[in-house]
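What the coordinates show
Here is how the chains run, residue by residue.
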Amino acid sequence: MKAHYLVAIDACAGLEALEAVRVEALGKQGRVTALLKTMGKLSPDERLVQGPAIHGLREAVTQALATRKDVLENVALEAKLAAERIDVTLPVDTLPMGSVHPVSQVMDELAEIFADLGFAVATGPEIEDDWHNFGALNIPDTHPARAMQDTFYLERPARAAGEAGTASSDDTGSAGGAAPFVLRTHTSPVQIRTMMQQKPPLRIIAPGRVYRSDWDATHTPMFHQIEGLVIDKGITLGHLKWTLETFLRAFFERDDVVLRLRPSYFPFTEPSAEVDVGFTMEKGKRVIGGDPNGPGGGWMEVLGSGMVHPKVIAACGLDPDEWQGFAFGCGIDRLAMLKYGIDDLRPVFEGDIRWLKHYGFAA
Ligand code: PHE
């Protein structure tokens, strides 16, 4: 019987078969168990002879079962590990990945560049009151920028704006509640808010959305500007030019970007200058940088700037004899278009992933 079981146990290919053999031998009705049960009926002499043999049989079978069980469990584990093995060299299925919108990328880049120059980021509401958007900036009632075709006016001024957690009529210092609220037409009202909230010296940039009723290849009703403002003592046009040159060279990643300041007019700066950057043709493409007087070269307007008008400084409660400064305002989308060779602004805000892929902004 011993040989029979030892052979049967060794022949078991799985844990289930092994359990069947165990039950057959050592279970309640098992054959070895039955033998053990006969022991009680034996005479002492018979027991002396048969006892060790029967116990030896149980020992041997029990031992063989345990050994075989170990082996089979190991085999099962190996099989499981093999089945679950991951081949890390297999190519993966890639899902479409989100990415930062090009305009947001440019805003981040600008914030970084100006952070290195010591500028903090300031913000203001997109729903503005007339005083911050126009009045305090010395923009007269008759100024064309106020005309209906440019400015988006709000129908329900004070309450709607207040509910939206934006500008409210009581923090304006303005002449009163009669004037309608507007979607800010530029980031310049952040100049006013900053000068009224913080003590000079000031060095801030204010990137954000602005709104004008306009629509063509290079104009969308919502677009982005970045405002710059420095208020300190003894600030000159030289500081302005150096700052703009440093910023534009860092942004276009070329040391040969040249600037041209053209006398211009803004009600809130005096003197005012529009700033052009030089471009050249490289491999049939227009690039910022290089000699604008060379073949294929020229000038392109990128921003408006000037020395902050004393009236604006005074409107914010500061003494213009003590504090001077410069300001500039620049279209962020335009910078993005120039840097990445985008020729139509409208798709920039349509969120079509094919467009993003075309310009390498999405994987
Ligand atoms: N706010 C002006 C515009 O939108 C730009 C500007 C800002 C000009 C600051 C001068 C100083 O066109």
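Residues numbered from 1 in each chain as written. Predicted model: local features only at pLDDT ≥ 70, side-chain atom pairs only at ≥ 80, totals over all residues. Heavy atoms only, no water.

- As recorded by an unreviewed UniProt entry, the protein chain carries the name Phenylalanine--tRNA ligase alpha subunit and is attributed to Sphingomonas palmae.
- Regarding the protein chain, the relevant UniProt record gives this comment under Catalytic activity (unreviewed entry): "tRNA(Phe) + L-phenylalanine + ATP = L-phenylalanyl-tRNA(Phe) + AMP + diphosphate + H(+)". (UniProt positions renumbered as here; feature names shortened; annotations may be inferred.)

**Considering the overall build of the protein chain**
- In terms of helices and strands, the protein chain carries 12 helices and 10 strands.
- The C-alpha atoms of the protein chain give 42 Å as radius of gyration, which overshoots the globular expectation for 363 residues (21 Å, by more than 25%).
- In terms of principal-axis extent, the alpha carbons of the protein chain reach across some 130 × 55 × 40 Å.
- Across the protein chain, contacts joining residues at least 24 apart in sequence account for 66% of those joining residues at least 6 apart.
- Carbon and sulfur atoms provide 56% of the accessible area of the protein chain, an area that totals close to 20,100 Å².
- In the protein chain, which carries 36 positive and 49 negative side-chain charges, the distance between the mean positions of the two groups comes to 9 Å. (Helix = DSSP H or I, 4+ residues; strand = E, 2+ residues; numbered from the N terminus. Rg over C-alpha atoms; globule rule 2.2 N^0.38 Å. Contact = heavy atoms within 4.5 Å. Areas by Shrake-Rupley, 256 points an atom, 1.4 Å probe, with all protein chains shown as cover. Lys, Arg positive; Asp, Glu negative; His and termini not counted. Charge placed at Lys NZ, Arg CZ, Asp CG, Glu CD.)

**Re the packing of helix α2 (residues 15-26) against helix α4 (residues 44-84)**
- The geometry of α2 relative to α4 is characterised by a closest axis approach of 10 Å and an angle of 170° between their N-to-C directions. By the angle between their directions, the pair α2 and α4 is classed as roughly antiparallel. On α4, the residues that touch L15, L18, R22, A25 and L26 of α2 are R58, V61, T62, L65, R68, K69, L72 and E73.
- In terms of residue class, the contact of α2 with α4 is made up of seven nonpolar, one polar and five charged. (Axes fitted to C-alpha atoms, helices over the stretch in contact; angles between N-to-C directions. Parallel < 35°, antiparallel > 145°, perpendicular 65-115°, else oblique. Nonpolar A, V, L, I, M, F, W, Y, C, P; charged D, E, K, R; others polar.)

**What about helix α9 (residues 237-252)?**
- Taking 1.5 Å per residue, 16 residues should reach 22 Å; α9 reaches 22 Å between its end C-alpha atoms and fits that length.
- Of the positions making up α9, those classed as buried are L240, T243, L244, E245, F247, L248, F251 and F252.
- Residue T236 occupies the N-cap position of α9, its side-chain oxygen lying 3.1 Å from the main-chain nitrogen of G238. (Expected span 1.5 Å × (residues − 1). Buried < 20%, exposed > 50% of the residue type's maximum accessible area, 1.4 Å probe, protein only. Polar contact = N/O pair within 3.5 Å; in protein donor to acceptor, adjacent residues only side chain to side chain.)

**A few points about the UniProt feature "binding site: Mg(2+)" (unreviewed entry) in the protein chain**
- UniProt's feature table lists "binding site: Mg(2+)" (unreviewed entry) at E270, given in the numbering used throughout.
- Inspection of the secondary structure assignment puts E270 in strand β7 (residues 269-282).
- Looking at E270, the relative accessible area reads 46%, which means it is partly exposed.
- Apart from residues lying up to four places away in sequence, E270 is in contact with M307 and H309.

**Topic: the packing of helix α1 (residues 2-11) against α2**
- Viewed as axis vectors pointing N to C, α1 and α2 meet at an angle of 160°, and their least axial separation amounts to 9 Å. Here α2 runs roughly antiparallel to α1, going by the angle between their axes. Relative to α2, α1 is oriented so that their crossing is left-handed. Residues H4, Y5 and I9 of α1 pack against L18, V21, E24 and A25 of α2. (Left-handed = near helix turned anticlockwise from the far one by under 90°.)

**Here's the deal with the packing of aromatic side chains**
- A full pass over the atoms with the stated rule returns 10 aromatic pairs.
- An angle of 85° between the planes, with centres 5.2 Å apart, marks the rings of Y340 and F361 as edge-to-face. Here the residue Y340 occupies a position in helix α11 (residues 332-340), and F361 occupies one in the segment after α12 (353-358), the gap between them amounting to 21 residues.
- The buried category is assigned to F361, whose relative accessible area is 7%.
- A connected cluster of aromatic rings, assembled from ring pairs, spans F114, F119, F247 and F328.
- When the ring centre of W215 is taken as origin, the NZ or CZ atom of R346, which lies over that ring, is 5.6 Å away. (Phe/Tyr/Trp six-rings, centres within 6.5 Å; stacked < 30°, edge-to-face > 60°. Lys NZ or Arg CZ within 6 Å of the ring centre and 35° of its normal.)

**So, the pairing of strand β6 (residues 259-266)**
- For β6 and β7, the ladder comprises seven bridges, and the chain directions are antiparallel. Residue pairing for β7: L259 is matched across the bridge by V277.
- Count of turn residues in the β6/β7 antiparallel hairpin: two residues. (Pairing = 2+ DSSP bridges.)

**What about the confidence of the model for the protein chain?**
- Here the protein chain averages 89 in pLDDT, and 93% of its residues register 70 or above.
- Residue range residues 160-176 is modelled with pLDDT below 50. Its contacts to residues more than four positions away, or to other chains, number 26 contacts.
- Across the assembled chains, the prediction reports ipTM 0.98 with pTM 0.71. (pLDDT = per-residue confidence, 0-100.)

**Digging into the site of the ligand**
- The ligand sits among 14 residues. The nearest are H186, S188, R212, Q225 and G329.
- One of the side-chain nitrogen or oxygen atoms of R212 is found 2.9 Å away from an oxygen atom of the ligand.
- Summarising the interface, the protein chains cover 90% of the accessible area of the ligand, which totals 330 Å² for the free molecule.
- Looking at the shell around the ligand, the elements that each hand over two or more residues are β5 (222-232), β9 (298-308) and β10 (324-331). (Near = heavy atom within 4 Å.)

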